[in-house]
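Take a look at the letters that make up each chain.
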Amino acid sequence: MAFEVCKLSKSLGAEVKGLDLREALNPSIRTKINDAFVENVVLVFRNQNLTAQQFLAAAKQLGQPATQKLSQYKVPGCPMVSYVSNQEKTDAGNPKLLGKAWHTDHSFQPEPPKATLLYGVKLPKRGGDTWFANMKLAYDTLPNKLKDRIKGLEAIHAYRESREVMSKNERNAEILTDAEERKLNTVHPVIRTHDISGSKSIYLNPLRIKRFIGMSSDESSKLLERLILHSTKDNLVYVHRWQQGDVIIWDNRQAMHRVEHNYDLSEERLMHRIILKGIKPE
Ligand code: OGA
Ligand code: MN
């Protein structure tokens, strides 16, 4: 199989052309794909046609699929594949639209997934774009003063059902000491070093971060806002506009992402989703 890797933007993202993910990739192709993945942070494979089982088999060529926490969203008969659907409803009967705010996946876990794959099963006619921010570039372009400020800093990531950015009230709900937070929640460094490339990225999750160790919640919120603002500037972002048959994989170690629900909500948007096992951020 001959294939090529074409950059999709200046900041991040590349399309892999000429591969059919239903076929076995030989070791040399796998290595090239993995290298392109780490370099470009997001890879796009277009014109794929995959059952849930075939999607899982493809993912296994790129890493080790991991089970996902929320069992209600698993694809029947194929529990390692879950789905993301705009047809889910909140208790009040409103559409449950997940992932609107910037985040990285499952950072409340001690070993968050290294990557997430999505396959567009049903897409709105247009819109429903997924945005990605390159957190390696965000680190590289951070003013030195801020780099110094976050050097050695750690963040408390708390699990919640809600996918909304943590409110001030929530952050202040209970004032626990750093030691208590470490026992109850997961603590990750704000600067993490990529286990494959050795490069540094800013590791943030505005949905989950309660505060930084050694900082009040107000001070933490201010710093978090500054870092997010810096990291999500246009020149660090790639916006993926979905086409039927797209598979994308992103590197949770060096990207944040969000979805823009910019389409007619009566249209169905359904993704199949697989996460790949990761390691403790360091
Ligand atoms: C996710 C996610 C975004 C999307 O699956 O983790 O954030 O575009 N999805 O559906
Ligand atoms: Mn996500």
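Since the model is a prediction, treat every value here as computed from it, not as a measurement. (Residues numbered from 1 in each chain as written. Chains lettered and ligands numbered in written order. Predicted model: local features only at pLDDT ≥ 70, side-chain atom pairs only at ≥ 80, totals over all residues. Heavy atoms only, no water.)

1. Some thoughts on the environment of T232
Here T232 shows up in the loop between α7 (217-231) and β14 (237-240). Note on T232: relative accessible area 19%, which makes it buried. Here the side chain of T232 touches I228 through a polar contact of 2.8 Å, landing on its backbone oxygen. (Helix = DSSP H or I, 4+ residues; strand = E, 2+ residues; numbered from the N terminus. Buried < 20%, exposed > 50% of the residue type's maximum accessible area, 1.4 Å probe, protein only. Polar contact = N/O pair within 3.5 Å; in protein donor to acceptor, adjacent residues only side chain to side chain.)

2. Description of the pattern of salt bridges
With the rule as written, the count across this model stands at 18 salt bridges. Across the pair D246 and R46 runs a salt bridge, and its minimum N-O distance is 2.8 Å. Of the two residues, D246 is situated in the loop between β14 and β15 (247-251) and R46 in the loop between β3 (42-45) and α2 (52-60); the sequence distance between them amounts to 200 residues. According to the relative accessible area criterion, D246 is buried, its value standing at 0%. You can call R46 buried: its relative accessible area is 17%. The closest approach of N and O atoms between E268 and K122, which form a salt bridge, is 3.7 Å. In this pair, E268 sits in the loop between β16 (255-259) and β17 (270-276) while K122 sits in strand β7 (residues 115-122), placing the two residues 146 residues apart along the sequence. Classification of K122 by relative accessible area gives partly exposed; the value is 40%. (Salt bridge = Lys/Arg side-chain N within 4 Å of Asp/Glu carboxyl O.)

3. Focus: the site of ligand 1
The environment of ligand 1 is formed by V84, H103, D105, L118, T130, W250, H257, V259, R269 and R273. T130 is positioned such that a nitrogen or oxygen atom in its side chain is 2.6 Å from an oxygen atom of ligand 1. Note that an oxygen atom of ligand 1 is positioned 2.8 Å from one of the side-chain N or O atoms of R269. A total of 290 Å² of accessible area belongs to ligand 1 in isolation, and the protein chains cover 94% of it. Most atoms of ligand 1, that is more than half of them, are within 2 Å of grid points of the largest cavity. The class makeup of the residues in the shell around ligand 1 is four nonpolar, three polar and three charged. (Near = heavy atom within 4 Å. Areas by Shrake-Rupley, 256 points an atom, 1.4 Å probe, with all protein chains shown as cover. 1 Å grid on protein atoms, 1.4 Å probe; cavity = no way out; pocket = protein on both sides within 12 Å on 5 of 7 lines; lining within 4 Å. Sits in = over half its atoms within 2 Å of the grid points. Nonpolar A, V, L, I, M, F, W, Y, C, P; charged D, E, K, R; others polar.)

4. A word on empty space enclosed by the protein
In this approach a probe as big as a water molecule rolls over the atoms, and the regions it shows empty are the leftover space. A full pass over the atoms with the stated rule returns three cavities of 30 Å³ or more. Approximately 550 Å³ is the volume attributed to the largest cavity. V84, L98, D105, R163 and R273 are, among the 33 residues lining the largest cavity, the residues nearest its centre. Elements supplying a minimum of two residues to the lining of the largest cavity: β6 (78-85), β16 and β17. Per-element tally for the lining of the largest cavity: the top contributor is β6, with four residues. Counting the residues that make up the lining of the largest cavity, at least three belong to each of domain 1 (4-125 + 241-276) and domain 2 (134-231). Forming the boundary of the second largest cavity are V84, S85, N86, K96, L97, L98, H261, Y263 and R269. (Points joined across faces, edges and corners; volume = space filled by probe spheres on them. Domains from an automatic or database assignment.)

5. Quick word on α7
Taking 1.5 Å per residue, 15 residues should reach 21 Å; α7 reaches 21 Å between its end C-alpha atoms and fits that length. Three or more residues of α7 are buried, namely S217, S220, S221, L223, L224, L227, I228, H230 and S231. (Expected span 1.5 Å × (residues − 1).)

6. Focus on the domain arrangement of the protein chain
Segmentation of the protein chain into domains returns domain 1 (4-125 + 241-276) and domain 2 (134-231). Taken together, the contact between domain 1 and domain 2 spans 24 residues of the former and 28 residues of the latter. When the buried surface of domain 1 facing domain 2 is broken down by residue, F108, R253 and M256 rank first, second and third, together holding 31% of it. Across the contact surface, domain 1 and domain 2 share one salt bridge. Here R253 makes a salt bridge to D195, at a shortest N to O gap of 3.0 Å. Put simply, domain 1 and domain 2 have 11 residue pairs in polar contact (both at pLDDT 80 or more) between them. When its residues are assigned to classes, the side of domain 1 that touches domain 2 shows 12 nonpolar, eight polar and four charged. (Contact = heavy atoms within 4.5 Å. Buried area = accessible area lost by both parts, 1.4 Å probe.)

7. Side note on the side chain of E267
Tracing the chain through its elements places E267 in the loop between β16 and β17. On the basis of relative accessibility, which here comes to 17%, the residue E267 falls in the buried class. Those residues within four positions of E267 in sequence are excluded, and the remaining contacts are N86, Q87, P124 and K125.

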